[in-house]
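Close look at the chain arrangement
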Amino acid sequence: MTSPDTDPYTATVASLVRIIAGKTGYDEEKIAWLVATPSKPGYGDLSVPLVRFRRATGKAPEELAGEITGDPQFQSLPVEKYEVVNGYLNIWLDVPRIAGILAGLYSKGWEMRVPQTPSPKRIVVEHTSANPIHPLHMGHARNTSIGDTLARLLSARGHSVNRRYYVDDVGKQVAIVAFGFEILGVDPLEEARKKGMKPDALAGWVYAVTHTILEILEAKEKLEEAEEAEERKSIQEKIDDSMNTLAQLKSGDPGGYFDKLLEGIPRAGGPSRVREIMLRYERGLEPEKSLVRRIAKAVLEGIRETLSRLQVEFDAWDWESDLVWSSRVGRLIELARKSRFYTVWKGAEAIDIPRIIREVLSRDPEARARIRIPKGFEIPPLILVRSDGTTLYTTRDMAYTLYKFEQFNADEVVNVIGADQRLAQLQLRLALLGLGFRREALNTIHYDYEIVRLPGMRMSSRRGRIVTLDSILEQLKARAIVEVEKRNPTADKDWIEAVAEKIAVGAVRFTLIRTSAKRPVVFDVKRAVDLEENTGPYLQYTYARAHGILEKHGSIDYGAVDAQGCKEEKRRSLLLSALRFPLTAAKAADDMAPEDLASYLLRLADEFNSWYQADPVIREPDKGLRECKALLVRTVMDSLGHGLRLLGVPVLERM
RNA sequence: GGGCCCGUAGCUCAGCCAGGAUAGAGCGCUGGCCUCCUAAGCCAGUGGUCGGGGGUUCAAAUCCCCCCGGGCCCGCCA
């Protein structure tokens, strides 16, 4: 755990933890977290809750404290003093000694980094995977921010990470946009360029209009068949609602498309043509094959452009249709048919999930622990194939899960998918378990996150009622430009714009990462556009401030550092806080909890800003003390910089 | 009906998994700080029956049970 390039604080914690683990038998990782986070200042820099170990060890707090502090290893640690109070062993570190060691490391070109995991794995992180029918909205942005940040954290921790985007081009939604463009008779990429739009934005509109018109046509058919007044009334209400949506969509017509769609959709067969496109595409038949692919590709181009603004990149783009055409899905279905869990349910081919639970899961304690099923929770059989022979999403997703393991020779596959798909993901893992893919089933992790809502409503791409990520970025950027100009009146336009762009990106990514994934967020544009405290830009600003100080100060003379300067209360506390970065980042990676890193960085920035106000660096007359303070700034800056990079928040040297 | 998630200051959220030392930030509100390293900042003040009720424990925001409120899921959709 401790390598020669570990900073002295992290190394000290590691040693102390080892000592305690030896005396108590507790897990090192759990102790590290307890010890390194005293609840309040005044309780030491490290704090050992002795009472907690009483149950396991039977040792009285004073006795255990004596054993720990009497250990020869403990005596060699940079400890200034310690005391036993209220069942705690509170330890004050010898911060000047730590600062001295740190200065020595820096002078030799040392770089701070996240401690490497003792058990590196090969991990696939699949995220975003938005359907290629519309631009990314804030819901996708949460997925993207979480997924990309997880990938960065895991990779920094020493795992091999593979980032994949699943292009879901098989299915009804894509067929609907394709139908729309077929009627318009235009190429989405060319047409979007002509209208000065992004192709995904154009497609999103075409999708919403086509979908709504189809909905109305289908409802009208039902209305004719319906006999009861009650039923007729409810159908009529739905139609009225859709008509309203349609009217709103019409006002966003990029130019002469609306009427063409309105007339063309019924004439071309409406819903039946959509079904036909779907069927023929899944079989890889022309011209539908080229039509659908061309549109999906155009939309992806728009999506990719947005993603690159967010500094998100993928190692692979996996087309769902390729899995079907290459008969991977077919082979999986064949395998299922031979399985003893194959069944027919509601007249369709299916996998008997309840039986897998009874006969496999309940006899496999490890599997039961990894695939947790709520007690009393009924999971229905999983239907594999539609009556018309086309496949279902979950079936294809099973084939895809296996594909991901295979492609990267992965130990673990993390799927960043909304919490609304929990049941489907559970079914998928159980089905894989039943088909004999135990390793894959147990190592597929559904990293679920809650939806993003708009104040008072849920986003709906079917109705074109979404807040696109692009529009949020633009609004943020516009605000940021004003702020940057204010502070840099003489700077040139390009520089200002580039900085504002990074501020916008930082603001979006940070807001989406800082609250835990389990909490539903209401996305308030006004609040998101705020650039003040507790935001990404606040952290960027703090980093830039630290950078500015060091720039003015010039290169640090590490040999001249007066380490005793770090005895002063604010300085010693700030140095230790900054040095908590490696442990914090490692824990955030292991827990897959980016929000923990986010709140650590905010606390560090707060502490730095507070100190900055009170204790001048450059104007410090005493040379040794000045270098000591510069070392402090350097350490804070490194922690902030590394932290921001892990969160995908762009680092700015000036803003 | 069943299941999962959430409920902490007026608002947005940490803390809960691994129970312990006076429950923390930010926004808001009140008052102060730029001849001085970026005021996107700092300082001081304001503000909490930790949804409610039981239980376990020397100790509960944290663990267990019940209830209430909100969201989501239970499709030959994805």
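Residues numbered from 1 in each chain as written. Chains lettered and ligands numbered in written order. Predicted model: local features only at pLDDT ≥ 70, side-chain atom pairs only at ≥ 80, totals over all residues. Heavy atoms only, no water.

Thoughts on the nonpolar core
Nonpolar side chains in soluble globular proteins tend to end up buried together. Of all hydrophobic cores here, the largest spans 114 residues; its most connected members are M138, I351, M398 and L433. Per-element tally for this core: the top contributor is helix α10 (residues 199-225), with 12 residues. The next biggest cluster of nonpolar side chains, apart from the first, holds 93 residues, and it includes L154, V617, L640 and L644. (Core = buried A, V, L, I, M, F, W, Y, C linked by side-chain atoms within 4.5 Å. Buried < 20%, exposed > 50% of the residue type's maximum accessible area, 1.4 Å probe, protein only. Helix = DSSP H or I, 4+ residues; strand = E, 2+ residues; numbered from the N terminus.)

A word on the environment of V186
With respect to the helices, strands and loops of the structure, V186 is situated in the loop between α8 (172-184) and α9 (188-195). Once residues lying within four places of it in the same chain are set aside, the contact partners of V186 are F181 and E191. (Contact = heavy atoms within 4.5 Å.)

Concerning the domain arrangement of chain A
With domains assigned, chain A is organised as domain 1 (8-93), domain 2 (122-170 + 321-453), domain 3 (172-313) and domain 4 (469-646). Placing the centre of domain 1 and that of domain 4 at their C-alpha centroids yields a distance of 31 Å. Each partner contributes residues to the interface: domain 1 has 10 residues there, and domain 4 has eight residues. Contact between domain 1 and domain 4 buries roughly 840 Å² in total, counting both sides, with carbon and sulfur atoms accounting for 63%. Contact with domain 4 buries area across many residues of domain 1, yet Y9, T10 and D45 alone supply 54% of it, more than any other trio. Counting across the interface, domain 1 meets domain 4 through two salt bridges. (Domains from an automatic or database assignment. Buried area = accessible area lost by both parts, 1.4 Å probe. Salt bridge = Lys/Arg side-chain N within 4 Å of Asp/Glu carboxyl O.)

Looking at the sheet that holds strand β4 (residues 122-126)
One open sheet holds the five strands; their spatial order is β6-β5-β4-β10-β11, and the pairing between them is parallel. Both edges of this open sheet fall to β6 (316-319) and β11 (444-449), since each of them pairs with a single strand only. Neighbour-to-neighbour, the strand axes of this sheet turn through a mean angle of 25 degrees, independent of strand direction. Of the pairings in the sheet, the one linking β4 to strand β10 (residues 412-418) comprises four bridges and is parallel in character. (Pairing = 2+ DSSP bridges. Axes fitted to C-alpha atoms, helices over the stretch in contact; angles between N-to-C directions.)

Comments concerning the confidence of the model for chain A
Taken over all residues, the pLDDT of chain A has a mean of 91, while the share at 70 or more is 98%. The ipTM for the predicted assembly is 0.95, set against a pTM of 0.95. (pLDDT = per-residue confidence, 0-100.)

Looking at a negative patch on the surface
A cluster of like negative charges, contributed by E218, E221, E224 and E225, occupies part of the molecular surface. Positionally, E218 belongs in helix α10. When its relative accessible area of 32% is taken as the criterion, E218 is described as partly exposed. (Patch = residues over 30% accessible without salt bridge, like charges linked within 9 Å, V, L, I, M, F, W, Y side chains within 5 Å. Areas by Shrake-Rupley, 256 points an atom, 1.4 Å probe, with all protein chains shown as cover. Lys, Arg positive; Asp, Glu negative; His and termini not counted. Charge placed at Lys NZ, Arg CZ, Asp CG, Glu CD.)

Regarding the pairing of strand β8 (residues 348-351)
For a regular strand, side chains alternate in direction, first toward one face of the sheet and then toward the other. The side-chain alternation of β8 yields two buried faces, one formed by A348 and A350 and the other by E349 and I351. A loop of two residues connects strand β7 (residues 342-345) with β8, the two strands running antiparallel in sequence, and K346 in this loop sits at a positive phi of about 50 degrees.

Quick look at the pattern of salt bridges
Evaluated as defined, the whole model comprises 49 salt bridges. Measuring nitrogen to oxygen at the nearest pair gives 4.0 Å for the salt bridge that ties R572 to E80. With a gap of 492 residues between them, R572 in helix α26 (residues 569-579) and E80 in strand β2 (residues 79-85) connect regions that are remote in the sequence. Residue class for R572 comes out buried when judged on its relative accessible area of 6%.

Looking at the environment of K59
Relative to the helices and strands, K59 is located in the loop between α3 (50-57) and α4 (61-70). Excluding its chain neighbours within four sequence positions, the residues that come into contact with K59 are K23, R54, L64 and E67.

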